[in-house]
Amino acid sequence: IKDWNGIDQVVVRNPQGSSVKVSLYGGQITSWRNEQGEELLFTSSKAIFKPPKAMRGGISICFPQFGNCESLQQNAFARNRIWTIDENPPPLHPNDSHGKSFIDLLLKPSEEDLKFWPHSFELRLRVAIAADGDLVLISRVRNINGKPFSFSFGYHTHLSVSDISEVRIEGLETLDFLDNLRQRERFTEQGDAITFESEIDRVYLSSPNVIAVLDHERKRTYVVRKEGLPDVVVWNPWEKKSKSMTDFGDEEYKQMLCVDGAAIERPITLKPGEEWTGRLTLSVVPSSFCSEH
Ligand code: BG6
């Protein structure tokens, strides 16, 4: 299907009726729906599907840099490029339990890209919807360069929540974090689960592979499972910053929370021919499930 800017989007559906939609612009996930057709990702009503910026919402792929860097665009260029579909994707890997409902997208640098990031790579993004409705994203970065290169990476994930003041994150307590609102200074999380009452922009370091985002009002929990992605960015612009963003509604900060599986603090280095894999699996379960298990 075409989105409103004429760029193709692909819908992958499992036999049970859950679905994921991915745009060839940025390899960005623009929708994830459960069997009942309910949308599970946040997209701003003011989102713009137009280069040169990523659409405000869904899940954007941040590579080769997550965060700000002088020479690259914020959160880097992979999310602002047109990707291609791999019509002959490699067969399922023994570790890939997601089943047959998937698509592989590919990104290789253009001549232009190589001028400011002179490293040849292939980025393969597998977008899968498992039989139980889980959204599975597997990114593989391969060095097809003659020299080693380093990068950071993130799945910039906008979860849809009922009311941010009713949400908490479990799994990040006691961790060290870099506070992007205070010159990336390092602090240690003291409290219990993380709750929200003001702007937040933090990189939690060396986090567990499973964290939970509990939405008390909707009585459901997003379970975020990740591999190869030690860090987690937690972002909510809150009131003042929301008003300054042209592609974000003034009140929309209440309905969304970014929880991004990422590799930031220690960049990944690949030698020629080497490959790195970063997996993210998102599930939604009733909240009672989490307290019982
Ligand atoms: C977060 C960053 O991941 O994304 C924030 O930590 C940033 O600093 C936010 O403001 C939004 O980024 P963007 O590039 O999608 O506007």
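What comes next concerns the included structure. Computed from a prediction, not measured in an experiment: that's the story for all the values here. (Residues numbered from 1 in each chain as written. Predicted model: local features only at pLDDT ≥ 70, side-chain atom pairs only at ≥ 80, totals over all residues. Heavy atoms only, no water.)

1. So, the site of the ligand
Definition in use: Whether a residue is near a molecule or strand depends on its heavy atoms: if one lies within 4 Å, it is near. Nitrogen and oxygen atoms within 3.5 Å of one another constitute a polar contact, given that in protein one can donate a hydrogen and the other can accept it, and given that sequence-neighbouring residues count only through two side-chain atoms. Only the protein chains shown count as covering a residue, and every accessible area follows the Shrake-Rupley method with a 1.4 Å probe. Amino acid classes used here: Ala, Val, Leu, Ile, Met, Phe, Trp, Tyr, Cys and Pro are nonpolar; Asp, Glu, Lys and Arg are charged; the rest, including Gly, are polar.
By nearness alone, every residue bordering the ligand is listed as Arg56, Phe66, Gln74, Asn75, Arg79, His156, Asn180, Asp201, Val233, Trp235, Lys241 and Asp260. Asp201 is positioned such that a nitrogen or oxygen atom in its side chain is 2.5 Å from an oxygen atom of the ligand. Here the ligand, which alone exposes 390 Å², has 84% of that area covered by the protein. Each residue belonging to the shell around the ligand can be placed in one class, and the counts come to 3 nonpolar, 4 polar and 5 charged.

2. Examining the side chain of Gln28
Here is the rule we go by: Here a helix means four or more residues in a row that DSSP labels H or I, a strand means two or more in a row labelled E, and each is numbered from the N terminus. Partly exposed residues are those whose accessible area sits between 20% and 50% of the maximum for their type, while under 20% is buried and over 50% is exposed, using a 1.4 Å probe and protein chains only. The contact criterion used is simple: two residues touch if any of their non-hydrogen atoms lie within 4.5 Å.
One can find Gln28 in the loop between strand 2 (19–23) and strand 3 (29–33). With relative accessibility at 2%, the residue Gln28 sits in the buried group. Engagement of the side chain of Gln28 in a polar contact is seen with the backbone oxygen of Gly57, the distance being 2.8 Å. Once residues lying within four places of it in the same chain are set aside, the contact partners of Gln28 are Lys21, Val22, Ser23, Ala54, Met55, Gly57, Ile59 and Ser60.

3. What to know about the packing of aromatic side chains
The line we're drawing: Any pair of Phe, Tyr and Trp rings, taking the six-membered ring for Trp, is counted once the centres come within 6.5 Å. Such a pair is stacked with planes under 30 degrees apart, edge-to-face with planes over 60 apart, and tilted for the rest. Whether a charge sits over a ring comes down to the Lys NZ or Arg CZ being within 6 Å of the ring centre and within 35 degrees of the ring normal.
Enumeration according to the criterion identifies 17 aromatic pairs in this entry. Ring geometry for Phe151 against Trp276: centres 5.4 Å apart, planes inclined by 75°, an arrangement best described as edge-to-face. Of this pair, Phe151 sits in strand 9 (residues 149–160) while Trp276 is found in strand 18 (residues 275–286), placing the two residues 125 residues apart along the sequence. A single burial state applies to Phe151 and to Trp276, both of which are buried. Put simply, the rings of Phe63, Phe77, Phe116, Trp117, Phe121, Phe149, Phe151, Phe153, Tyr155 and Trp276 touch in pairs and so form one group of aromatic residues. The cationic tip of Arg126 hangs over the ring face of Phe102; the distance from NZ or CZ to the ring centre is 4.0 Å.

4. Quick look at the nonpolar core
Convention followed: Here the nonpolar core consists of buried residues drawn from Ala, Val, Leu, Ile, Met, Phe, Trp, Tyr and Cys, with membership extended through side-chain atoms lying within 4.5 Å.
Counting 68 residues, the largest nonpolar core has Leu123, Phe151, Ile169 and Phe196 as the members making the most contacts within it. Element by element, the count of residues in this core is highest for strand 17 (residues 256–270), at 7 residues. Other than its neighbours up to four places away in sequence, Phe151 contacts Phe63, Pro64, Trp117, Val141, Pro267, Ile268, Leu270 and Trp276. Counting 8 residues, the second largest nonpolar core, distinct from the first, contains Cys62, Leu178, Leu205 and Val233.

5. A word on the pattern of salt bridges
Stated formally: A pair is scored as a salt bridge if a Lys or Arg side-chain nitrogen falls within 4 Å of a carboxyl oxygen belonging to Asp or Glu.
In total, this model carries 20 salt bridges according to the counting rule given. In this structure, Asp176 and Arg186 form a salt bridge, with 3.1 Å as the shortest nitrogen-oxygen distance. Here Arg186 lies in strand 12 (residues 185–188) and Asp176 lies in strand 11 (residues 176–179), a separation of 10 residues in the sequence. Residues joined by salt bridges that share partners form a network here, namely Lys108, Glu122, Arg140, Arg142 and Glu275.

6. Re the environment of Asp163
Along the chain, the position of Asp163 falls in the loop between strand 9 and strand 10 (167–170). Apart from residues no more than four positions distant in its own chain, Asp163 is found in contact with Glu217 and Lys254.

So far we have only geometry, and geometry alone does not tell us how the molecule works.
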